[in-house]
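Architecture and fold: a report
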Amino acid sequence: MASVKNIKSVKNTSDERTEFINRIADKSAPTIKQYLSQYDKVFTLLNKDLVKSSKNEIITAVEDTENVRTLNARKNVYNVLVMFFNGIDKDKYEAFVEKRENLR
């Protein structure tokens, strides 16, 4: 797993990203931009679609302080992961809700 510090953002035009955009289309433009930034950060760390990544791979990437340096930034990433996995993967959704709530 690469560090954000060591790699440039991976260009992601996957169907997964497009579907996520469609799911958050009712949000304001700045909110969509922020959510996509968090999604792209995790995608870049994993270099694959989030649905193809294990819960542990995602948590390891987010918990690495080189990747997501502050608690607030980590909370924001988990919030987007909660939104992303809601209705897609119950196990990952619940794990990320718990992680997010533990940071509050």
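Residues numbered from 1 in each chain as written. Predicted model: local features only at pLDDT ≥ 70, side-chain atom pairs only at ≥ 80, totals over all residues. Heavy atoms only, no water.

**Brief notes about the overall build of the chain**
This is how it is decided: Going along the chain from the N terminus, every DSSP run of H or I of four or more residues is numbered as a helix, and every run of E of two or more is numbered as a strand. By definition in these notes, contact holds between two residues if any of their heavy atoms fall within 4.5 Å. Accessible areas in this description were obtained via Shrake-Rupley with a 1.4 Å probe; residue shielding takes into account the shown protein chains only.
Each helix and strand counted, the chain has five helices and zero strands in total. Secondary structure elements in the chain, listed N-terminal to C-terminal, are α-α-α-α-α. Looking at the chain alone, contacts between residues at least 24 apart form 57% of all its contacts between residues at least 6 apart. When the accessible surface of the chain is split by element, carbon and sulfur atoms take 46% of a total near 6,200 Å².

**Overview of the confidence of the model for the chain**
Note the following rule: One number per residue, pLDDT, summarises how confident the predictor is, and it ranges from 0 to 100.
Predicted confidence across the chain gives a mean pLDDT of 88, with 89% of residues reaching 70 or more. Note that residues 1-8 has pLDDT below 50 and, in this model, 18 contacts with residues that lie over four places away or in other chains.

**Some points on helix 5 (residues 90-102)**
Applicable threshold: One less than the residue count of a helix, multiplied by 1.5 Å, gives the span that helix is expected to have. With a 1.4 Å probe rolled over the protein chains alone, any residue whose accessible area is under 20% of its type maximum counts as buried; one over 50% counts as exposed, and the rest are partly exposed. This arc is taken over the directions from the axis of the helix to the C-beta atoms.
Across its 13 residues, helix 5 extends 18 Å between first and last C-alpha, which sits within 8% of the 18 Å expected from 1.5 Å per residue. When helix 5 is considered as a whole, its buried residues turn out to be Lys-92, Ala-95, Phe-96 and Arg-100. Projected down its long axis, helix 5 carries its buried residues within an arc of 135°, all on one side. Among the exposed residues of helix 5, those oriented more than 90 degrees off its buried face are Lys-90, Glu-98 and Asn-102. Lining the buried residues of helix 5 we find helix 3 (55-63) and helix 4 (71-85).

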